[in-house]
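Take a look at the letters that make up each chain.
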Amino acid sequence: MPLHSPSALVEHSAIVVKLTGLYEEPPKNLHASAAIQQIPLSMRQQSDMWYWNQNRLGVYKVKEGYRLAIDEADHQFYLNDDMWERIWKVKVPAKVNFFIWRVLRGCLPCNFNLRKRKVEVQDACIVCGLFQETELHLLHDCTHAQAVWVSSIIGWEPIHDLKIWFSNLIMTGTHTQKEELFMLSWSLWHSRNQVLWQQKHEDSLVVLHRARSTLQQWQNAQLKPKENVVALARNRQWIAPEIGKFKCNIDIAILTNSRFGLGFILRNHQGLCEAGKIEAIYGNADPTIGEALCFREALSWLKTLPYHHVTVETDCQVVTKALISQDNEVLSYFQSIIVDCKALLNELPNVSFRFVYRSANHVAHCCARAAGSMSGLSWGVCPPNFLYETLMMDFNNMR
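Given the structure is predicted, the values throughout are model-derived calculations rather than measurements.

Participant: Requested: an account of the overall build of the protein, with residues and values cited.
Facilitator: If you tally the helices and strands in the protein, you get 18 helices and six strands. Of all 399 residues assigned to the protein, the portion counted as buried reaches 43%. When contacts within the protein are restricted to residue pairs at least 6 apart in sequence, long-range pairs at least 24 apart make up 62% of them. Put simply, the protein shows about 23100 Å² of open surface, and 56% of that area lies on carbon and sulfur atoms.

Written out as structure tokens, the structure is:
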């Protein structure tokens, strides 16, 4: 029968749909009946056809299909518009935001996703080679990832869904935690690709340092010119740590009789001394080796103290770069000491390190110079008198 009115269509549809078992009686499905009556009918008689209901032309467009698929994925994985807005507002480099977007979309090219798309790759994790390389395994469950998270401010605990874990941290975490979450995830992916393309396995400390240094460099680049100058000036002065954390400045001085003077001083967020030590040791005349020895002795000293969350600051960039390097082959005295330092750092998960300018490290240098006559001296909250003037300089610069 010709269909020229919604009423006629309702009657016809009730008959047709009833045959399929999807329509019981018109009075029992008034919503469907009303929806059918709202269909605008053509004045011409024409056969039924499929059409795209996301635009006025009824023609499928890839952009609209993609948007619809994304909306359905968002609903499935609890990622609504508010959540995406929070993700893009995390202040990290744009490439990191985009990386997190790919992870939560399920389109990160890990082995599991590649195999779903019929790409012939191995199923096992590129890094550990033990388990299937899913996003959850690669960024959280892999032993390499676990070591990284344990050393971070986020920590590690068993989870079952990566997207829910991300969502919870994004919704409830602090700004620092969200930045760490994004940067470490990106750095773990970078580490995985190092294994894949260059066959280089990175230490967890390398992954952690890359994430934090990349973020710091990006944040400095975002400063306005005047702010950049101020930041540069502050980088050349000693900066107190955050509340609950400590800084240990270390340095050497070359003494007579083939000796090095080592100086360590530990301070809190108020710039007040917590502990210190002066020591003279015999060693090679190469100052770079002396700096490496100083770093190793400082770590051994910190192991004996009841302090956590300590940042060791040294003005020797050669040492910090060697510690970051993944080369553990012992071909020199210097490298042998560096390998020792790396082993100690693994035993001290709450100890980190950074390079500072000499002007931000002058208290430790004063300690090292005094080792010629005061070797073996150590103290607690009351430093020796000769340090008060230099300590006050740092203290005043904090204000």
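Don't stop here, the text continues.
Participant: Explain the pattern of salt bridges to me, using residue names and the numbers behind them.
Facilitator: Counted according to the given criterion, the structure contains 15 salt bridges. Of the charged contacts in the structure, one is a salt bridge between Arg 115 and Asp 123, with a shortest N-O distance of 3.5 Å. Among the salt bridges present, the one from Arg 358 reaches Asp 315, with a minimum N-O distance of 2.7 Å. Remark: Asp 315 occurs in the loop between strand 4 (310–314) and helix 14 (317–324) and Arg 358 occurs in the loop between strand 5 (351–355) and helix 16 (362–369); sequence separation between them is 43 residues. When its relative accessible area of 14% is taken as the criterion, Asp 315 is described as buried. A network of salt bridges, in which partner residues are shared, links Lys 247, Glu 313 and Arg 354.

Participant: Give a detailed account of unusual backbone geometry, specifying residues and quantitative values.
Facilitator: A positive phi angle, close to 70°, is found at Lys 118, a residue other than glycine. Structurally, the position occupied by Lys 118 is in the loop between helix 6 (111–116) and helix 7 (135–141). The phi angle at His 309 is positive, at roughly 55°, despite the residue not being glycine. One can find His 309 in the loop between helix 13 (287–303) and strand 4. Here His 309 falls in the partly exposed class, since its relative accessible area comes to 41%.

Participant: Describe the packing of aromatic side chains, with residues and values.
Facilitator: Working definition: an aromatic ring pair is given by the centre-to-centre distance plus the angle between the planes. A complete count under the given rule lists eight aromatic pairs for this structure. Pairing Trp 149 with Trp 165 gives two aromatic rings, centres 5.3 Å apart and planes at 90°, and the pair type is edge-to-face. One end of the pair, Trp 149, is in helix 8 (residues 143–150); the other, Trp 165, is in helix 9 (residues 162–172), with 16 residues separating them in the sequence. On the basis of relative accessible area, Trp 149 is assigned to the buried category, the value being 0%. Taking the centre distance of 5.8 Å and the plane angle of 65° together, the rings of Phe 355 and Tyr 357 count as edge-to-face. Overall, the relative accessible area of 31% leaves Tyr 357 in the partly exposed class.

Participant: Hey, could you go over helix 16 for me, with residue numbers and the actual values?
Facilitator: In terms of burial, helix 16 is a largely internal element, seven of the eight residues being buried. Burial in helix 16 covers these residues: His 362, Val 363, Ala 364, His 365, Cys 366, Cys 367 and Ala 368. Among the structural elements, strand 1 (246–255), strand 2 (259–267), strand 3 (273–282), helix 17 (371–374), strand 6 (378–379) and helix 18 (388–397) are those in contact with the buried residues of helix 16.

Participant: I'd love a proper account of the sheet that holds strand 4, names of residues and values included.
Facilitator: Whether parallel or antiparallel, the strands of a sheet pair through hydrogen bonds between backbone atoms. Read from one edge of the open sheet, six strands run 5-4-1-2-3-6, paired in mixed fashion. Two strands bound the open sheet, and with one partner strand each, they are strand 5 and strand 6. Bridge analysis of strand 2 against strand 3 gives nine bridges, and the strand direction is antiparallel. Bridge pairing in strand 3 links Gly 263 to Ile 278.

Participant: Account for the environment of Gln 194, naming residues and giving values.
Facilitator: Topologically, Gln 194 is positioned in helix 10 (residues 175–198). Sequence spacing of Gln 194 and Val 127 is 67 residues, and the spatial spacing of their C-alpha atoms is 9.4 Å. Here Gln 194 is in contact with Gln 199, Lys 200, Glu 202 and Gln 326, once residues within four sequence places are set aside.

Participant: Explain the packing of helix 5 (residues 94–105) against helix 10 to me, using residue names and the numbers behind them.
Facilitator: Running from N to C, helix 5 and helix 10 cross one another at 80°; their axes reach a closest spacing of 9 Å. As judged from the angle between their axes, helix 5 and helix 10 are roughly perpendicular. Touching Lys 95, Val 96, Asn 97, Phe 99 and Ile 100 of helix 5 are Phe 182, Met 183, Ser 185, Trp 186 and Trp 189, all from helix 10.

Participant: Describe the side chain of Glu 313, listing the residues and the values that go with them.
Facilitator: Locating Glu 313 in the fold gives a position in strand 4. Of the residues examined, Glu 313 reaches a relative accessible area of 1% and is grouped as buried.

Participant: So what's going on with the pairing of strand 4? Which residues, and what values?
Facilitator: Among the five residues of strand 4, five are classified as buried, and the element is accordingly described as predominantly covered. Neither face of strand 4 is exposed, since Val 310, Val 312 and Thr 314 on one face and Thr 311 and Glu 313 on the opposite face are all buried. Bridge count for strand 4 against strand 5 is five bridges, and the pairing is parallel. From the neighbouring strand, Val 312 faces strand 5, where its bridge partner is Phe 353.

Conventions used here
Residues numbered from 1 in each chain as written. Predicted model: local features only at pLDDT ≥ 70, side-chain atom pairs only at ≥ 80, totals over all residues. Heavy atoms only, no water. Helix = DSSP H or I, 4+ residues; strand = E, 2+ residues; numbered from the N terminus. Buried < 20%, exposed > 50% of the residue type's maximum accessible area, 1.4 Å probe, protein only. Contact = heavy atoms within 4.5 Å. Areas by Shrake-Rupley, 256 points an atom, 1.4 Å probe, with all protein chains shown as cover. Salt bridge = Lys/Arg side-chain N within 4 Å of Asp/Glu carboxyl O. Phe/Tyr/Trp six-rings, centres within 6.5 Å; stacked < 30°, edge-to-face > 60°. Pairing = 2+ DSSP bridges. Axes fitted to C-alpha atoms, helices over the stretch in contact; angles between N-to-C directions. Parallel < 35°, antiparallel > 145°, perpendicular 65-115°, else oblique.

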